[in-house]
Amino acid sequence: MPSDGVAHIARDRADKEQVLVADASASLAVRELELFAATGRERPVRDGERIFRRGDPGQVMYVVLDGRVDLDFGSDLMVKHLGPCEFFGELGLLIGEHTRSADALAVGDGRLLELGPAEFQRLVECDPVLVAQFLRRAITRVVLNEQNLIRQLRRRNQDLETALDNLYATTHQLNQTEELIRTDELTGLYNRRGLTLHLQECRRIGFRGGLGLLLVDCDRFKQVNDDHGHLVGDRVLQNISGILRSVAGPDDVPCRLGGDEFCLLVSAQSRQDVMRYADFVVDTTRNLLRLQQAVPTICPVSVGACLVDIGDDWNEWYARADAALYEAKRRGGNCAHWIDGDPRTLD
């Protein structure tokens, strides 16, 4: 289509929209107001008086004679301010028992004109042509109001989607930050803070199950770092963490406490339950040591094991497991040792 033809259509459409907006005016013409005043009922209103509430049923249309009325549609939709000669509530008259979509509140003292079904019927009988023109404007106004409402709702939905996207991104960042705070960067296991937070959560929810603690320390790890460098040492620590992760059940918590010291908090009811984990860790490292190459990928470990009470604090747990670990080290390392009750009492 030629560009001048497109421009003509655009101008024609704009002209029609301007006529539509003019036709949809909420103000009555002089002849209309005179006719409405002759058949309607006057009603005085006081400042702050509520004419109707959002959600109320209604069959009455109103015209502002004096003063001002505010229509509040709720949420963040724009409040409409109506003055003299402007009408509202027409859907209640045209449809009958229409549910009000706004709160109507008088701002200052004033007077309203009320028209119910009986008054409207008299209007039609007095001047049907004038009433037909009014109805055309009223219907056009309803259509434009609905279109405006749809646009506002679309904007609100877009704003809501943007807000939700921002909330999701922020939540994701917070989760990542919290995960970094809880997690050891090298091994991906819980760090000491992560373990502490886990224990706090267990106590908060009233955990009452049995627990066992394994304290795992790498034997001669300093020699690995001295002879082969820290990159090799890091790989050894990652492989130790992999063993702990592989033996841990869904409710167990492997953790790197720092340096070459690890722990494994396990669900357990007896010595046999805990030692099954400890023996697995020691046996796995022993088997891997048999496959050792010139550059080490694993090192022997010592394990101290004990049962713990959720009611005791971490220092008591650690002291008990550390006493068992000390005994394992004293016996040459590369083994697991169990302790019952008081740390001063060893097998």
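First, a word on what this report is: a plain description of the structure on this page.

What counts as what
Residues numbered from 1 in each chain as written. Predicted model: local features only at pLDDT ≥ 70, side-chain atom pairs only at ≥ 80, totals over all residues. Heavy atoms only, no water. Helix = DSSP H or I, 4+ residues; strand = E, 2+ residues; numbered from the N terminus. Buried < 20%, exposed > 50% of the residue type's maximum accessible area, 1.4 Å probe, protein only. Contact = heavy atoms within 4.5 Å. Areas by Shrake-Rupley, 256 points an atom, 1.4 Å probe, with all protein chains shown as cover. Polar contact = N/O pair within 3.5 Å; in protein donor to acceptor, adjacent residues only side chain to side chain. Salt bridge = Lys/Arg side-chain N within 4 Å of Asp/Glu carboxyl O. Expected span 1.5 Å × (residues − 1). Core = buried A, V, L, I, M, F, W, Y, C linked by side-chain atoms within 4.5 Å. Phe/Tyr/Trp six-rings, centres within 6.5 Å; stacked < 30°, edge-to-face > 60°. Lys NZ or Arg CZ within 6 Å of the ring centre and 35° of its normal. Pairing = 2+ DSSP bridges. Axes fitted to C-alpha atoms, helices over the stretch in contact; angles between N-to-C directions.

Looking now at the overall build of the protein. Per the secondary structure count, the protein includes 10 helices and 13 strands. Burial analysis of the protein (347 residues in total) assigns 40% to the buried set. Here the contacts in the protein between residues at least 6 apart in sequence split such that 73% fall between residues at least 24 apart. Carbon and sulfur atoms provide 53% of the accessible area of the protein, an area that totals close to 19700 Å².

Once that is clear, we can look at the side chain of Glu-114. Relative to the elements of secondary structure, Glu-114 occurs in strand β8 (residues 103–115). Under the relative-accessibility criterion, Glu-114 is labelled buried at 12%. Side-chain polar atoms of Glu-114 contact the side chain of Arg-43, separated by 3.0 Å.

Relative to the helices and strands, Ala-268 resides in the loop between β11 (261–267) and α9 (271–290). Ala-268 sits 40 residues away from Val-308 along the chain, and the two C-alpha atoms are 9.4 Å apart. The contact partners of Ala-268, leaving out residues within four places of it in the chain, are Gly-210, Leu-211, Gly-212, Asp-273, Val-274 and Leu-307.

Across all of its chains, the model carries 20 salt bridges by this definition. A salt bridge links Glu-201 to Arg-204; its shortest N-O distance comes to 2.7 Å. Of the two residues, Glu-201 and Arg-204 are both situated in helix α6 (residues 192–204); the distance of three residues between them amounts to about one turn of the helix. Judged by relative accessible area, Glu-201 falls into the partly exposed class, the value being 36%.

Each α-helix winds once per 3.6 residues, and so residues spaced three or four apart point in a common direction. Taking 1.5 Å per residue as the helical rise, helix α8 (residues 230–247) with its 18 residues ought to reach 26 Å, and the 26 Å between its terminal C-alpha atoms agrees with that figure. For α8, the elements touching its buried residues are β9 (211–218), α7 (221–228), β10 (253–258), β11, α9 and β12 (301–308).

So, on to the nonpolar core. Core analysis: the biggest nonpolar cluster contains 30 residues, and Leu-214, Cys-218, Phe-262, Val-301 and Val-303 have the highest contact counts within it. Elements represented by at least two residues in this core include exactly β9, α7, α8, β11, α9 and β12. It is α8 that provides the largest number of residues to this core, a total of seven residues. In this view, Val-303 contacts Leu-214, Leu-215, Val-216, Ala-278, Val-281, Val-282, Leu-325, Ala-328, Cys-335, Ala-336 and His-337; residues no more than four positions away in its chain are not counted. With 21 residues, the next largest nonpolar core counts Cys-202, Cys-263, Cys-306 and Ile-310 among its residues.

With that settled, the discussion passes to the packing of aromatic side chains. Throughout the structure, instances matching the rule amount to seven aromatic pairs. Between Phe-36 and Phe-134 the ring centres are 5.1 Å apart and the planes differ by 75°, which places this aromatic pair in the edge-to-face class. With a gap of 98 residues between them, Phe-36 in helix α2 (residues 30–39) and Phe-134 in helix α5 (residues 128–182) connect regions that are remote in the sequence. Of the two residues, Phe-36 and Phe-134, both sit in the buried class. Plain terms: the ring middles of Tyr-62 and Phe-88 are 5.2 Å apart, the flat faces sit at 15° to each other, and that makes the pair stacked. On the criterion of sequence distance, the pair formed by Tyr-62 in strand β4 (residues 61–72) and Phe-88 in strand β6 (residues 87–88) is long-range, its members being 26 residues apart. For Phe-88, a relative accessible area of 1% puts it in the buried group. The rings of Phe-36, Phe-87 and Phe-134 are connected pair by pair, giving a single aromatic cluster. Directly above the ring of Phe-52 sits Arg-100, whose terminal nitrogen or CZ lies 4.3 Å from the centroid.

Time to look at the sheet that holds β12. An order of β10-β11-β9-β12-β13 is seen for the five strands of this open sheet, with the pairing classed as mixed. Both edges of this open sheet fall to β10 and β13 (336–338), since each of them pairs with a single strand only. Along the sheet, successive strands turn relative to each other by an average axial angle of 20°, direction set aside. Bridge count for β12 against β13 is three bridges, and the pairing is parallel. When the sheet's bridge partners are listed, Val-303 is paired in β13 with Ala-336. Seen against the sheet, α9 touches β9, β11, β12 and β13 and runs at an angle of roughly 170° to β12. Contacting β9, β10, β11, β12 and β13, helix α10 (residues 314–330) runs over the sheet at an angle of about 140° to β12.

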